[in-house]
Amino acid sequence: MGSSEEERRRAGGGAAGLLGRSRRQRPGMGFPGGRGSPTARGSLQHLILFLLFVGPFNCFASYSRATELFYSLNEGLPAGVLIGSLARDLRLPTAGGQHPAAPQPPLSFTLASRGFGEQYVHLDNRSGELHTSGVEIDREALCVESSGATIFGAAAGAASSSSLPSSESCLLLLDVLVLPQEYFRLVKVKITIRDVNDNAPRFPVTHIRLSVPENAPVNTRLAIEHPACDPDVGTNGVQTYRLRDNYGVFTLDVEENESGERTPYLIIMGALDRETREEYVTVIVAEDGGTPPLMGSATLTISISDINDNCPQFNDSQINVTLYGNSSLGTHMATVHAVDMDLGSNAQVSYSYSQKVPQPSRDLFHLNESTGVITLSSKVDGDTPRLHRLIILGNGPGCIPAVITVLVTIIKVMMRPPEVVPRFIANEAEGVVYLKELEPVNTPIAFFTIKDPDEKYKVNCYLDGDGPFRLSPYKPYNNEYLLETTKPLDYETQQLYEISVVAWNSEGFHVNKIIKVQVLDENDNSPVFSQQLVELSIEENNVPNAFLTKLHATDADSGERGQVSYFLGPDAPSYFSLDKTTGVLTVSTQLDREEKEKYRYTVKAVDSGFPPRESIATVTITVLDKNDNSPRFINKDFSFFVPENFPGFGEIGVISVTDADAGQNGWVALSVLNGSDIFVIDTGKGVLRAKVSLDREQQSSYVLWIEAVDGGDPALSSTAKITVLLLDINDNPPLVLFPQSNMSYLLVLPSTLPGSPITEVYAVDKDTGMNAVIAYSIIGRRGPRPESFRIDPKTGNITLEESLMQNDYGLYRLLVKVSDHGYPEPLHSTVMVNLFVNDTVSNESYIESLLRREPDISIEEKQPQISIEPTHKKMESTSCMPTLVALSIISLGSITLVTGMGIYICLRKVEKHHRADESLEVQIPLNGRINLHVLEKKPMEISNI
């Protein structure tokens, strides 16, 4: 939060943290316009701002007052924290101040420029209060530390280092203009961003390794090259280091250089011995000086390096050995071993005879310098001393040799041992017999002749050792033995046999003849796959040259005979590859599960023997499905024809959709994108249904969009257009629009000529097609001569058929039936047409009384005759003869009727001159809608038609 007024007074030495004094204006340097009109004041403000932004500020400062304010602020404060009040700290007059009677112009505080620092503060233009903004101040992120203070803000370049509070300050600089002109000044606000302990120390690496020689003296200091870092400054930075476990031999010290950086040092507090412990693992902890302190840690591994501080030592000081005088050359006598606790070259030990050992003993017994093995190197005879003292030295680098004494006692044997003389049949070299595997049983290896040098003892012979071998007397010779095989040899089972031919005499003296049999390998084994059936799977759309598996086959044979090469079988597709050497199986192209889901082919493993042997394995590859196919509709546009009034939830049609993917990816859900309030679709079967019965007269067709979404992740979809066309059903009877009432009537003048139109019956049908074809017929008549009027079955026009006579005057009532041609049952309506034949209408009430009476009309069941081509019924196959006869009669009747009508019209023209003044009352228009109220009350008079 911003510093209190008490703190600001102490910081600046003046009220409200005022660091500098305002400088008065020079005489005669005031601004033009003074305190004149508002226009002048506005121009003044624009001029000031213009000079601030583009003019040399030093020149402008020569006739203005400049002030500096200093505030301090913690980093990381929320928005709205008060930093300071510029009006109060500058002691500017405010409303209700020292002169309340005098009008005070409102003060205006404005940031002079929009620099980097202004985003972190909010200045109230009227009160001058400075608050933190919504952008949090992070001192470590914003302030770039250098050898002085860090300054950022609008006027950082104009800051004076002499005014900075400390060498580690991070300042936010603002330039504020105070207006109007009477109080104008440029205020430089300096806000010190105080550090908060919001960062913990952190080591640059998580594991620090340090090597210390085991002979390091106490108080040895070793610098730790990776000290912890803390972005905070001052006491909030790294202050101390410590070890969680010092093992009683380590401690830490911290040194600070001229720049203030602290480096930890590891101090050795006790003696180290690598042979006792070669590594110490602990945790180094860095701690800052904040309240509460924050810590960071890293693993510290201290390795103790070896020095040559140990010498070889023998476990015993003397070894006693007994040797028979008849021992053969190379007989193992003893092994000396010295131990050095050091490592590497410091622990290497070599063995040698002491200078005190006489040369005859050195010649008789051989000492291996590296292993310390002592063997008999010369034959023991009668002159050989019976006691030998061998002093052996264990030598280490830079060490005094260790000493051990080997005391050898030779026991003299008086009799001569038996002799074993071999004669090899098989190939032999340096005592090793070489036999090929798969040699037949009873393959001879060697003859052995057994002799007694003294020729006075009986000598026996036997075979000692494991293996498929047999030593048997070779008859008829004495002391001759044959060594042969008893089973076929197998190189893969055992490669080397060591057997002994033992001869002993009756005195119990033994002689061994050691024979080694080396089995030679042959190509008798085929490669063996680790799996005879290799089952693999791979997702489709794989990358080219994708790895499938690594085949592995072993061959028990040795050398080239055991080297295996891999080959694809002839049934393998060409886009599979098998590395000959490594057995890596790859596929060079993308696989498509929808094209082929399973592959099955053979692979071969062939060795390099002669002739080569091979084995075969089967590879099966299952291509796993990926959701790479969108659902597909069989058609993009579906059209369904449904009769109207189809029952709700009835099956309109089936929408077929497929998805080439499998499993969940191939599961398809259908939904209606539009019209879902009327139509639903069965997701499983794809059946489209309507929730309600559909009426063609309300809407004749529906266009739906169906979306198919599969079950993949992410899901794929497609859409199809569905058109539902409603077929018309004859469910609407014709609606008579004219006449609108059975009580209306029309005046017909007696002078009306035959054939003249009198009126019409106009009706409509909401259905379509044949269901909307209307026919008109008169099914009931009443009047003086009712047959005088006829109606056109197609148009509904009513015309006068015959001339009206004197006795034809009166009211005519025609019952008109309006019928459609619907299938299977036509519908109809009826209307009463009232015609009053008279010269005038003198008594309307009388006519109306006649209309109110129930008419006594007999119904005629005569159907209207309209020539309409049938569209729904097929013509029955009948004879044409009755039709031709009927047409001939109708044609003849029509000619007679036309001739008679022509004569009648000519006779009627004679009366035209006598009735020129008379007028005909008819209803017009014949084919339009008519206001019946006008027709009933006020008939229109027109001249003779």
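Residues numbered from 1 in each chain as written. Predicted model: local features only at pLDDT ≥ 70, side-chain atom pairs only at ≥ 80, totals over all residues. Heavy atoms only, no water.

Quick word on the overall build of the protein chain
The helix and strand tally for the protein chain stands at nine helices and 62 strands. Scored against the burial criterion, the 945 residues of the protein chain give a buried share of 39%. Approximately 52,300 Å² of the protein chain is accessible, and the part contributed by carbon and sulfur atoms is 52%. (Helix = DSSP H or I, 4+ residues; strand = E, 2+ residues; numbered from the N terminus. Buried < 20%, exposed > 50% of the residue type's maximum accessible area, 1.4 Å probe, protein only. Areas by Shrake-Rupley, 256 points an atom, 1.4 Å probe, with all protein chains shown as cover.)

Details of a nonpolar patch on the surface
On the surface, a cluster of nonpolar side chains totalling about 280 Å² of accessible area is made up of Leu 673, Val 703 and Trp 705. Within the fold, Val 703 resides in strand 50 (residues 701-710). Exposure remark for Val 703: the relative accessible area of 40% places this residue in the partly exposed category. (Patch = residues over 30% accessible without salt bridge, like charges linked within 9 Å, V, L, I, M, F, W, Y side chains within 5 Å. Salt bridge = Lys/Arg side-chain N within 4 Å of Asp/Glu carboxyl O.)

Topic: the side chain of Asn 236
With respect to the helices, strands and loops of the structure, Asn 236 is situated in the loop between strand 10 (221-223) and strand 11 (238-243). Given the relative accessible area of 12%, Asn 236 is considered buried. Separated by 3.0 Å, the side chains of Asn 236 and Asp 195 make a polar contact. Ignoring anything within four residues of it in the chain, the contact list for Asn 236 reads Asp 195, Val 196, Asn 197, Asp 230, Asp 288, Gly 289 and Gly 290. (Polar contact = N/O pair within 3.5 Å; in protein donor to acceptor, adjacent residues only side chain to side chain. Contact = heavy atoms within 4.5 Å.)

What to know about the sheet that holds strand 5 (residues 129-132)
With respect to topology, three strands assemble into an open sheet ordered 2-5-4, the strand pairing being antiparallel. Strands at the two margins of the open sheet, each flanked by one partner only, are strand 2 (82-85) and strand 4 (121-123). Across the sheet, the mean angle from the axis of one strand to that of its neighbour is 20°, orientation sign disregarded. Pairing of strand 4 with strand 5, which is carried by three bridges, proceeds in the antiparallel orientation. Looking across to strand 5, one finds that Val 121 is bridged to Thr 132. (Pairing = 2+ DSSP bridges. Axes fitted to C-alpha atoms, helices over the stretch in contact; angles between N-to-C directions.)

Considerations on the state of the cysteines
Per the counting criterion, the structure on display carries one disulfide. The disulfide partner of Cys 311 is Cys 399, and the gap between their sulfur atoms is 2.3 Å. Across the disulfide from Cys 311 to Cys 399, rotation about the S-S bond amounts to roughly -85°, and the bridge is consequently left-handed. With a gap of 88 residues between them, Cys 311 in the loop between strand 15 (295-305) and strand 16 (313-314) and Cys 399 in the loop between strand 23 (387-395) and strand 24 (402-411) connect regions that are remote in the sequence. (Disulfide = S-S within 2.5 Å.)

Structural notes on the sheet that holds strand 58 (residues 797-800)
Overall, antiparallel pairing links the three strands, which are arranged 54-58-57 in an open sheet. Taken across any chain shown, the strands that pair with only one partner, and hence form the sheet edges, are strand 54 (757-760) and strand 57 (789-791). If you compare each strand with its neighbour and ignore which way they point, the axes differ by 25° on average. Both strand 54 and strand 58 contribute to a ladder of three bridges, which runs antiparallel. Its bridge partner being in strand 58, Thr 759 is matched across the sheet by Ile 798.

Remarks on helix 7 (residues 844-852)
Turning to helix 7, its buried residues are Ile 847, Leu 850 and Leu 851. Down the axis of helix 7, the buried set is contained in an arc of 100°. They therefore lie on one face. Where the residues of helix 7 are buried, they touch strand 53 (745-748), strand 59 (810-820) and strand 60 (828-837). (Arc of directions from axis to C-beta.)

Remarks on the side chain of Arg 274
Structurally, the position occupied by Arg 274 is in the loop between strand 13 (262-268) and strand 14 (279-288). A relative accessible area of 7% means that Arg 274 is categorised as buried. At 3.2 Å, the side chain of Arg 274 and the side chain of Glu 275 are in polar contact. Among the polar contacts listed, one links the side chain of Arg 274 to the backbone oxygen of Met 341, at a separation of 2.9 Å. Residues contacting Arg 274, with those up to four places away along its chain left out, are Glu 214, Ile 304, Ser 305, Asp 306, Met 341, Asp 342 and Leu 343.

Side note on the pairing of strand 3 (residues 108-111)
Here strand 3 shows a buried face lined by Phe 109 and Leu 111 and an unburied face lined by Ser 108 and Thr 110. Here strand 3 runs beside strand 7 (residues 170-179); their pairing, made up of four bridges, is antiparallel. Bridged to Ser 108 within strand 7 is Leu 179.

Focus: the packing of aromatic side chains
The full count for this structure, using the stated rule, is 17 aromatic pairs. Both rings, one in Tyr 462 and one in Trp 504, keep their centres 5.3 Å apart while their planes meet at 70°; by these two values the pair is edge-to-face. Taken as a pair, Tyr 462 in strand 29 (residues 459-464) and Trp 504 in strand 32 (residues 496-505) lie far apart in primary sequence, 42 residues in all. Grouped by ring-pair contacts, the aromatic residues Tyr 575, Phe 576, Tyr 599 and Tyr 601 constitute a single cluster. The residue whose ring lies beneath Arg 221 is Tyr 265, and the NZ or CZ to ring-centre distance is 5.2 Å. (Phe/Tyr/Trp six-rings, centres within 6.5 Å; stacked < 30°, edge-to-face > 60°. Lys NZ or Arg CZ within 6 Å of the ring centre and 35° of its normal.)

A few points about the environment of Val 657
Mapped onto the elements, Val 657 comes out in strand 46 (residues 657-658). Separated by 24 residues in the primary sequence, Val 657 and Phe 633 place their C-alpha atoms 4.3 Å from one another. Contacts of Val 657, omitting those with residues within four sequence positions, involve Pro 631, Arg 632, Phe 633, Val 668, Leu 670 and Ala 708.

A short note on unusual backbone geometry
With an omega dihedral of 15°, the bond running from Leu 179 to Pro 180 counts as a cis peptide bond. A positive phi is found at Leu 438, a non-glycine position, where the angle reads about 70°. Structurally, Leu 438 can be placed in the loop between strand 27 (432-436) and strand 28 (444-451). Phi at Asn 545 is positive, roughly 60°, even though this residue is not glycine. Within the secondary structure, Asn 545 is located in the loop between strand 35 (533-539) and strand 36 (546-550).

Section: the pattern of salt bridges
In this structure the tally under the stated criterion is 19 salt bridges. In this structure, Arg 274 and Glu 278 form a salt bridge, with 3.5 Å as the shortest nitrogen-oxygen distance. Residue Arg 423 is joined to Glu 480 by a salt bridge in which the shortest nitrogen-to-oxygen separation is 2.5 Å. Separated by 57 residues along the polypeptide, Arg 423 in strand 25 (residues 419-424) and Glu 480 in strand 31 (residues 480-485) bring together distant segments of the chain. Judged by its relative accessible area of 42%, Arg 423 falls in the partly exposed class. Salt bridges sharing common partners tie together Arg 274, Glu 275, Glu 278 and Asp 306.

Details of the environment of Leu 483
Its place among the elements puts Leu 483 in strand 31. Judged by its relative accessible area of 0%, Leu 483 is buried. Sequence spacing of Leu 483 and Ile 445 is 38 residues, and the spatial spacing of their C-alpha atoms is 5.5 Å. The residues contacting Leu 483, other than those within four sequence positions of it, are Thr 443, Pro 444, Ile 445, Ala 446, Phe 448, Leu 463, Phe 469, Arg 470, Leu 471, Ile 499 and Ile 515.

As for the nonpolar core
One finds Leu 86, Phe 109, Leu 130, Val 176, Val 189 and Ile 191 to be the most contacted residues of the largest nonpolar core, which totals 30 residues. In terms of residue count, strand 7 provides more of this core than any other element does, five residues in total. Leaving out residues up to four positions away in the same chain, Phe 109 has contacts with Leu 86, Ala 87, Leu 92, Leu 123, Asp 124, Asn 125, Arg 126, Ser 127, Gly 128, Val 176, Leu 177 and Val 178. (Core = buried A, V, L, I, M, F, W, Y, C linked by side-chain atoms within 4.5 Å.)

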